[in-house]
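# A look at the structure
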Amino acid sequence: MSLRAPAAVILAGAAVASRLGSDECSGRLGVLLSTPTTRTRMLATAMAAQATLVALVAGLTGLGIWGGVKLGGLDLATENIAGATAHLLALGLFIGAAALLAVAALGTSAAATWTATGVGLVGYVINTTLPMNPDLADWARISPFHWYGATNPLENGADWGNVAILLVGSAVLLAASFPLFTKRDLRV
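Every value quoted in this text rests on a predicted model; they were computed, and no experiment measured them. (Residues numbered from 1 in each chain as written. Predicted model: local features only at pLDDT ≥ 70, side-chain atom pairs only at ≥ 80, totals over all residues. Heavy atoms only, no water.)

### Details of the packing of aromatic side chains
Selection rule: Side-chain rings of Phe, Tyr and Trp, where Trp is taken by its six-membered ring, are said to pair if the distance between their centres is within 6.5 Å; with planes under 30 degrees apart they count as stacked, over 60 as edge-to-face, and otherwise as tilted. By definition, any uninterrupted DSSP run of H or I lasting at least four residues is a helix, any uninterrupted run of E lasting at least two residues is a strand, and each is numbered from the N terminus. Exposure categories follow from relative accessible area, calculated using a 1.4 Å probe and restricted to protein chains: below 20% of the type maximum is buried, above 50% is exposed, and the middle band is partly exposed.
Tallied over the entire structure, the rule returns two aromatic pairs. Residues Tyr-124 and Phe-145 carry aromatic rings whose centres are separated by 5.5 Å and whose planes lie at 85° to one another, so their mutual orientation is edge-to-face. Placement of the pair is Tyr-124 in helix α5 (residues 109-129) and Phe-145 in helix α6 (residues 144-149), with a sequence separation of 21 residues. A residue is classified by how much of its surface remains accessible, and Tyr-124, at 28% relative accessible area, is partly exposed. Owing to a relative accessible area of 5%, Phe-145 belongs among the buried residues under this scheme. Chaining the aromatic ring pairs together yields one cluster made of Tyr-124, Phe-145 and Tyr-148.

Structure follows, in structure tokens:
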């Protein structure tokens, strides 16, 4: 849950955002928009697909951990596994929303890929290195990974405040995507 699971949900969210950017760069989005649909509807559909894929990956990860715990006879509460899964889902939605915002602003698949990679890597590095220095430890809060794992949800259960911060952040990023996406012209 510290590295591989976040990478999986980040990849799932970035893949959908990247596909939207790829469709725009290749001209497929222009063809789709020639039908009776709007840019707002296209973006909302991409958001729904992204949320579904991230939820599926997070849910299957939680289910796999639960199965491993039961198979191995380990003492790990099911509530804690569910809480860690909720944290994982919120992290994937947040970074996926950042990738969609980048696509909405720039219209390329590279924007989604580099945004998800940058937010993921920089956020992880900030969260792991800044707490080493007591003077800088509070700055780790700028990282989505702080809100994902600072309370060790697999050991202690969900911190719903941290999950809410990531979900509200996701909603803000997604809301900011709509005006950018609807006002930007398609590439020629």
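Alright, that's what it looks like, and here's the rest.
### As for helix α3 (residues 39-72)
The condition is simple: Helix span is expected to be 1.5 Å times the residue number reduced by one.
Across its 34 residues, α3 extends 49 Å between first and last C-alpha, which sits within 8% of the 50 Å expected from 1.5 Å per residue. Among the residues making up α3, those that are buried are Arg-39, Met-42, Leu-43, Ala-46, Met-47, Gln-50, Val-54, Ala-58, Thr-61, Gly-62 and Val-69. Looking at the residues trailing α3, positive phi occurs at Gly-73, about 65°.

### Observations concerning the nonpolar core
Stated formally: Definition used in this section: a nonpolar core is a set of buried Ala, Val, Leu, Ile, Met, Phe, Trp, Tyr and Cys residues joined via side-chain atoms within 4.5 Å. Note on definitions: a residue-residue contact is assigned when non-hydrogen atoms from the two residues lie within 4.5 Å.
One finds Leu-20, Ile-95, Leu-100 and Leu-166 to be the most contacted residues of the largest nonpolar core, which totals 34 residues. Residue assignment for this core shows that the elements contributing at least two residues are α1 (4-26), α3, α4 (78-106), α5, α6 and α8 (160-183). Broken down by element, the residue count for this core peaks at twelve residues, all from α4. Setting aside its immediate chain neighbours within four residues, Leu-100 contacts Ala-17, Leu-20, Leu-43, Ala-46, Met-47, Gln-50, Leu-174 and Ser-177.

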